[in-house]
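An overview of the molecular structure
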Amino acid sequence: MTGPRVRFAPSPTGYFHVGSARTSLFNWLFARQSGGTFILRIEDTDVERNRDEWHQGIISAMAWLGMDFDEGPFLQSELRRDHESAAEALFAGGYLYPCDCTREQIDERIKGNAKPGYDGFCRDRAVTRSSSTALRFRVPDDGVTVVPDLIRGDVTFPHDSYEDFIVVKSNGGVLYPLANAVDDRTMHITHVIRGEDLLPTTPKQVMMWEALNHCDDVAFVALPLYAHLPMLVNEQRKKLSKRKDPVAVESYRDQGYLPDAFVNYLSLLGWSPRGDEEIVARSTLIEQFRLEDVSHSPAFFDVKKMTHMNGEYVRQLSPEAFIEQSAPWVAPWSSPWRPTDRTVPWTEDQFDAALYTRVAPLVQERVATLGEIPTMIEFFFLDAPTIDVAAFDKTIRNDPIAQTLLAVAIERFGELEWNAAVLHEATIEIGEAVGLALRKAQAPIRCAVTGTLVGPPLFESLELLGRERTLVRLLDALARCSP
Ligand code: GLU
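Scoring rules and cut-offs
Residues numbered from 1 in each chain as written. Predicted model: local features only at pLDDT ≥ 70, side-chain atom pairs only at ≥ 80, totals over all residues. Heavy atoms only, no water. Helix = DSSP H or I, 4+ residues; strand = E, 2+ residues; numbered from the N terminus. Buried < 20%, exposed > 50% of the residue type's maximum accessible area, 1.4 Å probe, protein only. Contact = heavy atoms within 4.5 Å. Expected span 1.5 Å × (residues − 1). Near = heavy atom within 4 Å. Polar contact = N/O pair within 3.5 Å; in protein donor to acceptor, adjacent residues only side chain to side chain. Areas by Shrake-Rupley, 256 points an atom, 1.4 Å probe, with all protein chains shown as cover. Nonpolar A, V, L, I, M, F, W, Y, C, P; charged D, E, K, R; others polar. Salt bridge = Lys/Arg side-chain N within 4 Å of Asp/Glu carboxyl O. Arc of directions from axis to C-beta. Axes fitted to C-alpha atoms, helices over the stretch in contact; angles between N-to-C directions. Parallel < 35°, antiparallel > 145°, perpendicular 65-115°, else oblique. Phe/Tyr/Trp six-rings, centres within 6.5 Å; stacked < 30°, edge-to-face > 60°. Core = buried A, V, L, I, M, F, W, Y, C linked by side-chain atoms within 4.5 Å. Pairing = 2+ DSSP bridges.

1. Digging into the environment of Pro374
Relative to the elements of secondary structure, Pro374 occurs in helix α13 (residues 373–381). Pro374 sits in the buried class, given a relative accessible area of 9%. A sequence separation of 360 residues divides Pro374 from Gly14, and the C-alpha atoms of the two residues are 29 Å apart. Contacts of Pro374, omitting those with residues within four sequence positions, involve Trp329, Pro345 and Trp346.

2. Side note on helix α17 (residues 438–450)
Over its 13 residues, α17 extends 18 Å from the first C-alpha to the last, a length consistent with the 18 Å expected when each residue adds 1.5 Å. Restricting attention to buried positions, one finds in α17 the residues Ala441, Gln442, Pro444, Ile445, Arg446, Cys447, Ala448, Val449 and Thr450. Of the surrounding secondary structure, the elements contacted by the buried residues of α17 are α13, α14 (389–397), α15 (400–415), α16 (420–434), α18 (458–465) and α19 (467–481). Looking one or two residues past α17, Gly451 carries a phi angle of roughly 90 degrees, positive in sign.

3. Notes on the side chain of Asp184
Within the element layout of this structure, Asp184 appears in helix α5 (residues 176–186). Assessed through its relative accessible area of 2%, Asp184 is described here as buried.

4. Some remarks on the site of the ligand
Around the ligand, the neighbouring residues are Arg7, Ala9, Pro10, Ser11, Glu43, Tyr176, Asn180, Arg194 and Leu198. Within the contact set of the ligand, an oxygen atom lies 2.6 Å away from a side-chain nitrogen or oxygen of Arg7. Alone, the ligand offers 300 Å² of accessible surface; in the complex the protein occludes 79% of this. Of the residues that constitute the shell around the ligand, the class distribution is four nonpolar, two polar and three charged.

5. Considering the side chain of Thr427
Along the chain, Thr427 turns up in helix α16. The class for Thr427 is buried, based on a relative accessible area of 1%. Reaching out from Thr427, the side chain makes a polar contact with the backbone oxygen of Leu423 at a distance of 2.7 Å.

6. A look at the environment of Gly57
Secondary-structure assignment places Gly57 in helix α2 (residues 52–64). Gly57 sits 158 residues away from Cys215 along the chain, and the two C-alpha atoms are 39 Å apart.

7. Some words on the pattern of salt bridges
Scanning the model with the defined rule gives 21 salt bridges in all. Between Arg32 and Asp70 there is a salt bridge, with the nearest N and O atoms lying 3.1 Å from each other. Of this pair, Arg32 sits in helix α1 (residues 18–34) while Asp70 is found in the loop between α2 and β3 (71–75), placing the two residues 38 residues apart along the sequence. Between Lys111 and Glu108 there is a salt bridge, with its nearest N and O atoms 3.3 Å apart. For the pair Lys111 and Glu108, a shared accessibility class is recorded, and that class is exposed. Among the ionic contacts, a cluster of salt bridges with common partners joins Arg7, Arg41, Glu43, Asp183 and Asp184.

8. As for α16
Spanning 15 residues, α16 covers 21 Å between terminal C-alpha atoms, matching the ideal 21 Å at 1.5 Å per step. Listed as buried for α16 are Ala420, Leu423, Ala426, Thr427, Ile430, Gly431 and Val434. Projected down its long axis, α16 carries its buried residues within an arc of 140 degrees, all on one side. For α16, the exposed residues lying more than 90 degrees away from the buried face are Ala421, Glu432 and Ala433. Packed against the buried residues of α16 are α15, α17 and α18. Of the residues flanking the end of α16, it is Gly435, one or two places downstream, whose phi is positive at about 80 degrees.

9. Focus on the packing of α14 against α15
Two quantities define a packed helix pair, namely the angle between the helix axes and the distance between the axes. Contact pair α14 / α15: the axes reach a minimum separation of 7 Å and the direction vectors enclose 80 degrees. With respect to each other, α14 and α15 are oriented roughly perpendicular. Along its contact with α14, which presents Thr395, Ile396 and Arg397, the element α15 presents Ala402, Gln403 and Leu406.

10. Here we look at the packing of aromatic side chains
How two aromatic rings sit relative to each other is set out by the distance from centre to centre and by the angle between their planes. Taken as a whole and assessed by the stated rule, the structure comprises 20 aromatic pairs. With a centroid separation of 5.9 Å and 15 degrees between ring planes, the pair formed by Trp346 and Phe351 is classed as stacked. Accessibility assignment for this pair places Trp346 and Phe351 in one class, buried. A ring pair is formed by Phe351 and Phe381, whose centres lie 5.0 Å apart and whose planes are at 40 degrees; its orientation type is tilted. A residue pair is termed long-range when its members are at least 10 positions apart, and Phe351 in the loop between α11 (319–330) and α12 (353–364) and Phe381 in helix α13 qualify at 30 residues. Using a relative accessible area of 4% as the deciding quantity, one classes Phe381 as buried.

11. Regarding the nonpolar core
Phe322, Ile377, Phe413, Ile445 and Leu474 are the most contacted members of the largest nonpolar core, which has 104 residues in total. In contact with Leu474, not counting residues within four places along its chain, are Leu406, Ala409, Ile410, Phe413, Ile445, Ala448 and Val449. Counting residues in each nonpolar core, the second largest holds 31 residues, with Ala89, Leu135, Phe157 and Phe165 among its members.

12. What about the sheet that holds strand β8 (residues 166–168)?
Taken in spatial order, the three strands line up as β4-β5-β8 in an open sheet, and their pairing is antiparallel. Edge positions in the sheet fall to β4 (96–99) and β8, since each of these pairs with one other strand and no more. For this sheet, the mean inter-axis angle between neighbouring strands, taken without regard to orientation, is 45 degrees.

Spelled out as structure tokens, the structure:
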């Protein structure tokens, strides 16, 4: 066998979480860097919580992020036979014993016990296996299990903190810790890279793994090395919450984050490239990534920083790439993929693709995500701008000087040569005529023409909008002010 073998093993029980995306990425980077194999295994054994759409969501999010896998996707539910035969081997080897205790009986007996959990009542009772017995793993009384972890070093777990845990339920279902370990054995996984939340269950998997290695007729498979990635936390330094924090990767895709920026940002959650620069190409991530360099302290998932970084990536796109990549948000009818739950403010007829190619460079400088584009440029495509009433009242309706300025602008703009530089000069002069500096003079013009006070550079926008439409909007603004 050549090269390391790693797997990403998500459970399809909800939106694709940023923590899962980070786990997948670190596996992928490690595999790509070491010439290894990256396997996708969907752990779909929790039938009540799994849904096909979540399963598909994982596949499409991974494709969006460019994390291609070499083997799979395997479905854990299809590997059930392997789990069952491993359980039988463990039972035959004396590592599992039948238990017929009910939950109530156990709770009654263990009340007040110093050691929490199951008390080993059935260990030596030689209960006969039946449809009402579960199989429990006989955790050694003494000693410790050591988890070899590349990030944390050897982590030692004393056996007396583990109960004899259930491996096979009375209905025959093999539980996740064994299924997971068996699949890792079958797939010859050499490195298990996953979230820190799974560390407490790892000793169980190690114990069963080693027990299987001692069972007759079971091939020896070397224990993998582990790498438990640091927890992701929010601004309050609390573990990211599925309900309260924005954790769904799909939602970032819909907002118009770029996959390369998202991947670059995820790579910083517990790791950092060499040197001072955090914005680095994917090929550099692959080249520099080392599991040994991953930190074990919690990593802050900082949406503001990620958004800023995305803006940097947006600016690095060529004008053509910006136009092409923004199509799902501005011209979804021409795009094979559309963001969910987003409406475009204009119709296909109102949209002018040729005008957009000229408008695009103006907004490329000003947006952090592609989803911000439509509101910023809708005034180019709609017949009339959408008025921000508060801004309009403050900048125009309640400001007589601004109204005078607009009246002068209507006159001047009617006759001058129509380009950004001339419009700029003219606005300086018009402002001077009414006693306003350029910045103050621009505001009412911008508000009248675009409906708001923020947007792309004003004079370039006026040039592209054209004399006629600009004048109509300036006149409309004044008309709106008359009683
Ligand atoms: N299916 C497990 C989960 O999503 C991960 C298992 C693993 O990576 O070992 O939490």
